[in-house]
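# A closer look at the structure
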Amino acid sequence: MGFRSIRYTGQALREFFRHWGSYFILSFVVGEAISQIIVPLLRWSSQMILQASGIAYVSYNNLGEIITQHTWGALGLLVMFFLVLLLVYAQFAMLLTGVDNIVHQRQQNLRSVFGEAIRDLQRIRPTTVLFFVFYFILVIPFAGGIINSALLDKVRIPEFILDFLNENNFYAMLIGIFYLIMLYVGIRLIRVLPHMILDDQPAGTALRNSWRETKKHFWFYFWRVTWLTAVVAAVQVLWTEGLVGIQTYLDTSQQTFAYAGSIITMATLQVGGVFIMALTTTLYYLVLVSPDAVTKAAPAPISVKEQKKRKRWPRVIAGVVIVLVAIAYLIYNAVYMAGGFDYNPITISHRGVDDHNGVQNTIPALEKTAKEKPDYVEMDIHETKDGQWVVMHDENYEALAGVDKTPRQLTLAQATQLTAKEDGHSAPVASFDAYLAAAERLHQKLVVEVKTTPHDSKGAINSFIQKYGARLIKDHNRVHSLDYRVIAAIKAQEPKLYASFILPYDIVFPQTKANAYTMEYTTLDVDFISQAQDQGKEVWAWTEDEPDKMEEMIFRGGDGIITDNLSDLQQTIKDQVNHSSYAARLRVYGNQFDWNGLNGAEN
């Protein structure tokens, strides 16, 4: 089976290069229409719904409020959700129909292909839409290589959720089983959409046929997709490393031409990314169109001269597009290679520690970390039983202090008698007053996360602002919170106090009074950062602990990074700002380049 899949991969590659101009145009036009026209329109429409409905933001913790208090807005967002599903289907239909026409040499133009996709949409039934909800929400995140769309960029599981689940072996096992089930389901349903689009079958019939056809052919499809993925990954790596090697030679042996050469090698990398995107799209869709074998189709009954003409013009058009893309990138490349896009984000130590140098949210850890001079130390506070504030992240003392009590169940005096232990360190649980005083003594600025629970007193937020607001402003400290009530109250009572709203998921850009947004980094993209900065707001990414992830966020232009590994972040920023060569800059860009389209790493 593995050898047959390798041979199939060779057939697919030959088919792509036989008609590379047609495949390139198809992939480029559809991808650009989605990313440059459809996605911005959807984004604008979502913003209009939020503004018209008075919805400040969309997150897991306010869905009930949106449904009960903003009914028309909720319906509008629901319509947008289904519209996205239909557009994903339309994109898939255009690409699948286009690849099918090219491989069988039917000579249909893009207008005809688009027309067929529209007709497919007109045949959609309510049951089909329900099937899409299942297929695209459950299957696509685990089989994204086959259906890759800018419309599905938001369909992902935040890494902090996976990290939380993986900390428990039982949950980790369940996640592994879930992934395997989704892989199995994705392969068994791999023929559903081809049957619906190419054979005009209803969703139910297509599902049954796909399940029957793949019953004894799971490994048949698995190895084909696996080998195609391996080939694409190898091409990407070889392309990047080859160009980095060329630039390294220019940096060391041809320094006079190193800068000019770097602009050209970077443009070559970018154009290659567009070409590889077309190759990837074609290879995956060929599996759906011709899963058994990809053979050269018989030419249409026309003259040899006409055949050459039809084959030549797509290549000419594709070549012109490639040249125009390269030219469009040159100015950006010149500025990037000269350091014009270098960013120096603020460094924020998560819970006041650096690489396990102490117990989180304790004064001894703060004292150690402050010596490394982070821009800010992030820390967490909870209200206590007597209306005071204790420095603690968790909603229960058990994990750190071994006491099965919540902050609201103990007075501040009782809480500060506890000893927190973590990573071989121990330290007393601190009051916020003591922690704040220590920060002032150390001249260390803070980002205070105000934790709230349903058990807090009614006046907890107002009490916090009245007691600490002016002091926090004087010390140039900042506040952030998952609870938008905290942000709204701060901006109403102490508008000068810098407040960031924490969002664990980037769904729709919020319309709030916050000064900044603290975003979970795995769902944070360039578009969100750009929209925030256009409104004069900062974006902080949390929690990035690996240098490559830090590098990615620096490259995207994030204003701040929250990390458990402060020294690694500081070194990564230093390395990014002080590149030793153009080859190093090229490698950074290559690591962040989006190989699935033109909306890559550019900020």
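Because the structure is predicted, anything quoted here is derived from the model rather than measured.

This paragraph deals with the pairing of strand 11 (residues 560–563). Side chains of strand 11 alternate between two faces, with G560 and I562 and I561 and T563 buried alike. Taken together, the four bridges between strand 1 (residues 346–349) and strand 11 define a ladder with parallel strand orientation. Note that in strand 11 the partner of S349 across the bridge is T563. Note that strand 10 (residues 538–542) and strand 11 share two bridges and pair parallel. Paired with W540 across the two strands is G560, which belongs to strand 11.

This brings us to a nonpolar patch on the surface. On the surface, a nonpolar cluster with roughly 710 Å² of combined accessible area is contributed by W313, V316, I317, V320, V323, L324, I327 and L330. Relative to the helices and strands, V316 is located in helix 13 (residues 304–337). Residue V316 is classed as partly exposed on the basis of its relative accessible area of 36%.

With that settled, the discussion passes to the packing of helix 18 (residues 460–474) against helix 19 (residues 484–493). Closest axis-to-axis distance for the helix 18/helix 19 pair is 10 Å, and the angle between their directions is 40°. By the angle class used here, helix 18 and helix 19 are oblique. In this structure, helix 18 crosses over helix 19, and the sense of that crossing is right-handed. Here I461, N462, I465 and Q466 of helix 18 lie close against helix 19, whose contacting residues are R485, V486, A489, I490 and Q493. Split by residue class, the contact of helix 18 with helix 19 holds five nonpolar, three polar and one charged.

Negative charge collects at one region of the surface, where D355, E546, D548 and D568 lie side by side. By the secondary structure assignment, E546 is in the loop between strand 10 and helix 21 (547–556). Taking the relative accessible area as the measure of exposure, E546 reaches 48% and is therefore partly exposed.

Looking now at the pairing of strand 1. Consecutive residues of a regular strand have side chains that alternate between opposite faces of the sheet. With burial as the criterion, each face of strand 1 is covered, one bearing I346 and I348 and the other bearing T347 and S349. Both strand 1 and strand 2 (residues 376–383) contribute to a ladder of two bridges, which runs parallel. In the sheet register, S349 faces strand 2, and the bridge partner there is V377.

It is worth spelling out the nonpolar core at this point. Formed by 69 residues in total, the largest nonpolar core has its most connected members in F24, M196, Y336 and Y589. By residue number, the principal contributor to this core is helix 12 (residues 258–289), which donates 15 residues.

Here we take up the confidence of the model for the protein chain. Averaged over all residues, the pLDDT of the protein chain equals 86, while 85% of them reach at least 70. Long-range and interchain partners of residues 596–603, a stretch whose pLDDT sits below 50, account for 30 contacts in this model, where long-range means more than four residues apart.

The rules behind the values
- Residues numbered from 1 in each chain as written.
- Predicted model: local features only at pLDDT ≥ 70, side-chain atom pairs only at ≥ 80, totals over all residues.
- Heavy atoms only, no water.
- Buried < 20%, exposed > 50% of the residue type's maximum accessible area, 1.4 Å probe, protein only.
- Helix = DSSP H or I, 4+ residues; strand = E, 2+ residues; numbered from the N terminus.
- Pairing = 2+ DSSP bridges.
- Patch = residues over 30% accessible without salt bridge, like charges linked within 9 Å, V, L, I, M, F, W, Y side chains within 5 Å.
- Areas by Shrake-Rupley, 256 points an atom, 1.4 Å probe, with all protein chains shown as cover.
- Salt bridge = Lys/Arg side-chain N within 4 Å of Asp/Glu carboxyl O.
- Axes fitted to C-alpha atoms, helices over the stretch in contact; angles between N-to-C directions.
- Parallel < 35°, antiparallel > 145°, perpendicular 65-115°, else oblique.
- Left-handed = near helix turned anticlockwise from the far one by under 90°.
- Contact = heavy atoms within 4.5 Å.
- Nonpolar A, V, L, I, M, F, W, Y, C, P; charged D, E, K, R; others polar.
- Lys, Arg positive; Asp, Glu negative; His and termini not counted.
- Charge placed at Lys NZ, Arg CZ, Asp CG, Glu CD.
- Core = buried A, V, L, I, M, F, W, Y, C linked by side-chain atoms within 4.5 Å.
- pLDDT = per-residue confidence, 0-100.

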